[in-house]
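Understanding the architecture of this molecule
The lines below spell out each chain.
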Amino acid sequence: GEDVEQSLFLSVREGDSSVINCTYTDSSSTYLYWYKQEPGAGLQLLTYIFSNMDMKQDQRLTVLLNKKDKHLSLRIADTQTGDSAIYFCAESIGSNDMRFGAGTRLTVKP
Amino acid sequence: DVKVTQSSRYLVKRTGEKVFLECVQDMDHENMFWYRQDPGLGLRLIYFSYDVKMKEKGDIPEGYSVSREKKERFSLILESASTNQTSMYLCASRGSSVRGYTFGSGTRLTVV
């Protein structure tokens, strides 16, 4: 299909790991991105991965890429209340454009 | 720190008013974008621009127009605001780096 797909909601307990999943559409996408949107704010780039990589780790964040299945995931270790936000998956399309998923709202319960 | 600045965080306008949403970036980016964000629908592209005086329709251009007279500024215009244009509007810019888009903080527009 044409859509980047994500689950709309995820709820975890503080200290647990969170895994947000995404299925993208274009096997030729060069870069894949995760953005974070806190309440009332714009989107901030969280991390990105080049399509020839399988994994990227950055502190508490781990991105896994399965190109065969066009599946991208974001794992947040030791999830904190400050991680509560909407997380958007996005793929690059051509040299200038991006396609975004609908966003996953992560709720972290104390 | 590089920035995309949207002139208003919150706006309330009346049905039928002409509304201007302004966006300015200081990164010398060629590409600028306007999205609207609605719950459950994610980001939907309204218009984008690859260069000064150039504009391209996105997925939902109806009821909107844009202006890009200078490289750093990209304006979204609602010619006659309607209640179904109540939404969060996000501006973004992109240069040649791999880091994707840089977004503004958003403008939450309410049309009453």
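Because the structure is a prediction, the values reported are computed rather than measured.

1. Focus on the overall build of chain A
Looking only at helices and strands, one finds zero helices and eleven strands in chain A. Start at the N end of chain A and walk to the C end: the helices and strands fall as β-β-β-β-β-β-β-β-β-β-β. Dimensions of chain A, computed from the C-alpha atoms along their principal axes, are close to 40 × 30 × 20 Å. Burial status across chain A gives 44% buried among its 110 residues. Considering only contacts in chain A between residues 6 or more positions apart, those separated by 24 or more positions represent 54%. Carbon and sulfur atoms form 46% of the exposed surface of chain A, whose accessible area is close to 5,400 Å². In chain A, 11 side chains carry a positive charge and 14 a negative one; their mean positions are 3 Å apart.

2. Examining the layout of surface pockets
Of the voids in this model, the largest pocket is the one considered here, and its volume is about 460 Å³. Taken together, 25 residues make up the lining of the largest pocket; nearest its centre are Gln37(A), Ile86(A), Arg105(A), Gln37(B) and Pro39(B). Of all the elements in the fold, those that place two or more residues in the lining of the largest pocket are β9 (85-93) and β11 (104-109) of chain A together with β5 (31-38) and β10 (87-94) of chain B. Counting residues per element, the lining of the largest pocket draws most heavily on β11(A), at four residues. For the lining of the largest pocket, the class distribution of residues is eleven nonpolar, ten polar and four charged.

3. A look at the interface of chain B and chain A
At the junction of the two partners, chain B supplies 21 residues and chain A supplies 19 residues. Carbon and sulfur atoms supply 52% of the area buried between chain B and chain A, which totals about 1,700 Å² over both sides. Applying the counting criterion to the chain B and chain A interface returns six residue pairs in polar contact (both at pLDDT 80 or more). Taken together, the elements giving at least two residues each to the side of chain B that touches chain A come down to β5, β6 (42-49) and β10 of chain B. Broken down by element, the side of chain B that touches chain A gets its largest block of residues, four residues, from β5(B).

4. Some thoughts on the pattern of salt bridges
Oppositely charged side chains are able to pair whenever their charged atoms sit close together. All names here are of chain A. For the coordinates displayed, the defined rule picks out eleven salt bridges over all chains. One salt bridge connects Glu38 with Lys36, and the closest N-O pair in it is separated by 3.2 Å. Assessed through its relative accessible area of 11%, Lys36 is described here as buried.

5. Structural notes on unusual backbone geometry
The backbone phi angle of Gln59(A) is positive, close to 55°, even though this residue is not glycine. In the Ramachandran plot, Asp28(B) falls in the positive-phi region, its phi being about 60° despite a non-glycine side chain. With a relative accessible area of 53%, Asp28(B) lands in the exposed category.

6. A closer look at the nonpolar core
Residue and element names in this part refer to chain B. Trp34, Ile46, Leu76, Leu78 and Tyr89 are the most contacted members of the largest nonpolar core, which totals 21 residues. At the level of elements, β3 (19-21), β5, β6, β8 (64-70), β9 (73-78), β10 and β12 (107-111) are the ones that each hand at least two residues to this core. The biggest single contributor to this core is β9, with three residues. Here Leu76 is in contact with Val19, Phe20, Leu21, Trp34, Ile46, Tyr64, Ser65, Val66 and Tyr89, once residues within four sequence places are set aside.

What counts, and where the lines are drawn
- Residues numbered from 1 in each chain as written.
- Chains lettered and ligands numbered in written order.
- Predicted model: local features only at pLDDT ≥ 70, side-chain atom pairs only at ≥ 80, totals over all residues.
- Heavy atoms only, no water.
- Helix = DSSP H or I, 4+ residues; strand = E, 2+ residues; numbered from the N terminus.
- Buried < 20%, exposed > 50% of the residue type's maximum accessible area, 1.4 Å probe, protein only.
- Contact = heavy atoms within 4.5 Å.
- Areas by Shrake-Rupley, 256 points an atom, 1.4 Å probe, with all protein chains shown as cover.
- Lys, Arg positive; Asp, Glu negative; His and termini not counted.
- Charge placed at Lys NZ, Arg CZ, Asp CG, Glu CD.
- 1 Å grid on protein atoms, 1.4 Å probe; cavity = no way out; pocket = protein on both sides within 12 Å on 5 of 7 lines; lining within 4 Å.
- Points joined across faces, edges and corners; volume = space filled by probe spheres on them.
- Nonpolar A, V, L, I, M, F, W, Y, C, P; charged D, E, K, R; others polar.
- Buried area = accessible area lost by both parts, 1.4 Å probe.
- Polar contact = N/O pair within 3.5 Å; in protein donor to acceptor, adjacent residues only side chain to side chain.
- Salt bridge = Lys/Arg side-chain N within 4 Å of Asp/Glu carboxyl O.
- Core = buried A, V, L, I, M, F, W, Y, C linked by side-chain atoms within 4.5 Å.

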